[in-house]
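Structural overview for review
For reference, the chains in residue letters:
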Amino acid sequence: SNMLDLMDLRCEIEVWAARRAAESMTPETVAMLRGTVVAMTLPGADKAAQDVAFHMALAKASDSVVYRHLLSLVRGTLAEMLTYHRTELFASAQDDATVIAQHTAIVEAIEAKDPEGAARAMREHLNWARDHYSKSNRDR
């Protein structure tokens, strides 16, 4: 499916972006990323919108015009995917907490200027999401 293709692609390019973001980290980009994670935890938050904001902020933090352009091309599909994730697929409080913890780990590695740690944290997040996604498609 297109969604699974996008998931696979994200596993490659977003890991690259997380590594890049850690290398070119600034206090502003860290604050921007942290802001989206905090916004996810607020009561009544539009979690999907904040999730999109997180990944767009990461694109900004990667300091790569090419990557920002790439992400803007798939933004609609990404938004669709994240809306599905955050409203249906990971709707449980436990899944929600996991997603927030994973985003936090990514931000902390970027803040620590740890490119490999950031790449690893992003890979764990996306692999977890992909496993959930594949499972839900099998269960239907």
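Before reading further, recall that the structure is shown in the block above.
Analysis parameters
- Residues numbered from 1 in each chain as written.
- Predicted model: local features only at pLDDT ≥ 70, side-chain atom pairs only at ≥ 80, totals over all residues.
- Heavy atoms only, no water.
- Helix = DSSP H or I, 4+ residues; strand = E, 2+ residues; numbered from the N terminus.
- Rg over C-alpha atoms; globule rule 2.2 N^0.38 Å.
- Buried < 20%, exposed > 50% of the residue type's maximum accessible area, 1.4 Å probe, protein only.
- Contact = heavy atoms within 4.5 Å.
- Areas by Shrake-Rupley, 256 points an atom, 1.4 Å probe, with all protein chains shown as cover.
- Lys, Arg positive; Asp, Glu negative; His and termini not counted.
- Charge placed at Lys NZ, Arg CZ, Asp CG, Glu CD.
- Salt bridge = Lys/Arg side-chain N within 4 Å of Asp/Glu carboxyl O.
- Expected span 1.5 Å × (residues − 1).
- Patch = residues over 30% accessible without salt bridge, like charges linked within 9 Å, V, L, I, M, F, W, Y side chains within 5 Å.
- 1 Å grid on protein atoms, 1.4 Å probe; cavity = no way out; pocket = protein on both sides within 12 Å on 5 of 7 lines; lining within 4 Å.
- Points joined across faces, edges and corners; volume = space filled by probe spheres on them.
- Core = buried A, V, L, I, M, F, W, Y, C linked by side-chain atoms within 4.5 Å.

1. Digging into the overall build of the protein chain
Tallying secondary structure elements over the protein chain gives 6 helices and 0 strands in all. When the helices and strands of the protein chain are listed from N to C terminus, the series reads α-α-α-α-α-α. Here the protein chain has a C-alpha radius of gyration of 14 Å; the compact-globule value for 140 residues is 14 Å, and the two agree. Based on the C-alpha atoms only, the size of the protein chain along its principal axes is roughly 45 × 30 × 25 Å. Out of the 140 residues in the protein chain, the part that is buried amounts to 44%. Considering only intrachain contacts with a sequence separation of at least 6, the fraction spanning at least 24 residues in the protein chain is 77%. With an accessible surface of roughly 7100 Å², the protein chain has 54% of that area assigned to carbon and sulfur atoms. Here the protein chain contributes 16 positive and 20 negative side-chain charges, whose respective centroids are spaced 1 Å apart.

2. Some remarks on the pattern of salt bridges
Under the counting rule described, the total for this entry stands at 5 salt bridges. The shortest N-O distance in the salt bridge between E111 and R34 comes to 2.5 Å. With a gap of 77 residues between them, E111 in helix 5 (residues 93-111) and R34 in helix 2 (residues 27-41) connect regions that are remote in the sequence. In this structure E111 comes out as partly exposed when scored by relative accessible area, which is 38%. The class of R34 is partly exposed, set by a relative accessible area of 31%.

3. Description of helix 5
Over its 19 residues, helix 5 extends 27 Å from the first C-alpha to the last, a length consistent with the 27 Å expected when each residue adds 1.5 Å. Buried within helix 5 are the following residues: D95, D96, V99, I100, Q102, H103, I106, V107, A109 and I110.

4. Looking at a nonpolar patch on the surface
There is a patch of nonpolar side chains on the surface, built from V66, L70 and L73 and spanning about 300 Å² of accessible area. Checked against the element boundaries, L73 lands in helix 4 (residues 65-89). The class of L73 is exposed, set by a relative accessible area of 59%.

5. Some points on empty space enclosed by the protein
One pass over the structure, following the stated rule, counts 1 cavity of 30 Å³ or more. Here the largest cavity defines a volume of roughly 50 Å³. Along the walls of the largest cavity sit M7, R10, D51, L82, H85, R86, F90, V99, H125, L126 and A129, which together make up its complete lining. When residues of the lining of the largest cavity are traced back to their parent elements, those giving at least two are helix 1 (2-23), helix 4 and helix 6 (115-139).

6. A short note on the nonpolar core
Residues L33, F54, L58, I110 and M122 are the most contacted members of the largest nonpolar core, which totals 42 residues. Secondary structure elements with two or more residues in this core: helix 1, helix 2, helix 3 (47-61), helix 4, helix 5 and helix 6. Here L58 is in contact with E14, A17, A18, A21, L33, I110 and M122, once residues within four sequence places are set aside.

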